[in-house]
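Close look at the chain arrangement
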Amino acid sequence: MKFSIARDSLVKSLNLVAGVVERRQTLPILANVLIVLEERRLSLTGTDLEVELVGRVDLASAGDSGEITVPARKLLDICKSLPEGSDIDISAKDNKLSLKSGRSRFTLSTLPAREFPNVEDGIGTYKFTLKQGQLRRLIDRTSFAMAQQDVRYYLNGMLWEIDSKKALRVVATDGHRLAMCMLPEQVKSEGEGGIQVILPRKGVLELARLLMDDDADIAITIGSNHIRAATDNFSFTSKLVDGKFPDYQRVLPRSPDKVLMGSRQELRQAFTRTAILSNEKYRGVRLKLTNDTLDIVANNPEQEEAQETVSVDYSGDALEIGFNVSYLLDVLGVLSGDQIKLSVADSNSSALLEESVAGDSLYVVMPMRL
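These lines cover the structure that appears in this document, whether it is placed above or below. (Residues numbered from 1 in each chain as written. Predicted model: local features only at pLDDT ≥ 70, side-chain atom pairs only at ≥ 80, totals over all residues. Heavy atoms only, no water.)

**Looking at the pattern of salt bridges**
Pairs can form between side chains of opposite charge once their charged atoms are near each other. Within the structure shown, the criterion is met by 18 salt bridges. Between Asp174 and Arg177 there is a salt bridge whose closest N-O contact spans 2.8 Å. Considered together, Asp174 and Arg177 belong to a single accessibility category, that of buried residues. By sharing partners, the salt bridges in this structure join Arg137, Arg141, Glu355 and Asp360 into a single network. (Salt bridge = Lys/Arg side-chain N within 4 Å of Asp/Glu carboxyl O. Buried < 20%, exposed > 50% of the residue type's maximum accessible area, 1.4 Å probe, protein only.)

**Some details on the side chain of Glu52**
As for its position among the elements, Glu52 is in strand S4 (residues 51-58). No salt bridge forms around the buried Glu52; measuring N to O, its nearest opposite-charge neighbour Arg228 is 4.5 Å away. Every residue in contact with Glu52, bar those within four places of it in the chain, is listed here: Thr45, Gly46, Thr47, Pro117, Val119, Ser235, Phe236 and Thr237. (Helix = DSSP H or I, 4+ residues; strand = E, 2+ residues; numbered from the N terminus. Lys, Arg positive; Asp, Glu negative; His and termini not counted. Contact = heavy atoms within 4.5 Å.)

**What to know about helix H2 (residues 72-81)**
Of all the residues in H2, the buried ones are Ala72, Leu75, Leu76, Ile78 and Cys79. Within H2, the buried residues cover an arc of 165° as seen down the axis, which keeps them to one side. Seen from the open side of H2, the exposed residues pointing more than 90 degrees away from its buried face are Lys74 and Ser81. Next to the buried residues of H2 lie helix H1 (7-18), strand S2 (32-38), strand S5 (66-71), strand S6 (87-93), strand S7 (96-101) and strand S8 (104-109). (Arc of directions from axis to C-beta.)

**Considerations on unusual backbone geometry**
In this structure, Glu39 is a non-glycine residue whose phi angle is positive, near 55°. Its location among the elements puts Glu39 in the loop between S2 and strand S3 (41-47).

**A closer look at the environment of Leu294**
Along the chain, Leu294 turns up in strand S20 (residues 293-299). Along the backbone, Leu294 and Lys202 are 92 residues apart, and their C-alpha atoms lie at a distance of 39 Å.

**What to know about a positive patch on the surface**
A contiguous patch of positive charge, built from Lys2, Lys93, Lys100 and Arg105, is present on the exposed surface. Within the secondary structure, Arg105 sits in strand S8. (Patch = residues over 30% accessible without salt bridge, like charges linked within 9 Å, V, L, I, M, F, W, Y side chains within 5 Å. Areas by Shrake-Rupley, 256 points an atom, 1.4 Å probe, with all protein chains shown as cover. Charge placed at Lys NZ, Arg CZ, Asp CG, Glu CD.)

**Some remarks on the pairing of strand S23 (residues 339-344)**
Bridging between strand S18 (residues 258-263) and S23 involves six bridges; their strand directions are antiparallel. Opposite Gly262, over in S23, you have Ile340 as the bridge partner. For S23 and strand S24 (residues 351-355), the ladder comprises four bridges, and the chain directions are antiparallel. Counterpart to Ser343 in the pairing with S24 is Leu352. Hairpin geometry of S23 and S24 is characterised by an intervening segment of six residues between the two adjacent antiparallel strands. (Pairing = 2+ DSSP bridges.)

Okay, structure coming up:
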């Protein structure tokens, strides 16, 4: 194998792929990136057996085709250290990869390409296409609510659901709060009926990192065990979580009658200030609602107290309810618009948060006993 490539093109593609490669590997081959050259098309592949990412670069001129694997992190560090705008000559023979640029010479050890694990090719028949910007919004608005290391492994990920009307909905929950975002228009899909799959947490975060061009299309293919997202520049594959996601529809509060409307920015600032004196472990704050007034109170074991009063639009019965302030701040951080709507039935029921005008997102936060 032998080819020349612009340093900047190689770094851009390697940066994407190296993010998938784990630093501490039980199998040496998993620390490597697979380099495959077919005339002018160079592809770079990294995997940790759960997710796989293939980056593609078109070369200015054809090289000698071949395939080899080399240590991903070392190759990336070498390429990053070379001057911007430089060209790199790469050749491989006798289990070594040689890299030359200007007066710099590097020789890296390699492992055979045949040892590199391959994710199955025919992974699924359910396909749809949407804009990268649309997908990024769905992920950005919900990913914070995914569980991290819950024993209920199906919560350590994100539900993607397409219903029979071809509406795409993503949902994440850690058992204490739930985030849901919908794509306003129908997706153009190949495949009958609806579908529900759970993407693992790492797959969600890696995919979000790849979505850079809002107006470009991304094609999604869903199979029984894998999901694949492909553009002209990369192909990303992730295993799916084998489990049943909770029925999120049952969690959504049914017609909560106490409705508060307030300034998102004012509430966010007030919660941020009261959080300073909340209990570091439980992060609880008390919300006291009276006519057009919200009092936010936080205490901690050192007998310290913070109190904020915010003017809101509220005309229901007086109510006192406790919440984890971090959960409220997470929601206020992803909602947009000047006004937010908080609906609740009583002091023991979950709160429903959304934008004041009909939006594409819903958030549910469970109350705390304080």
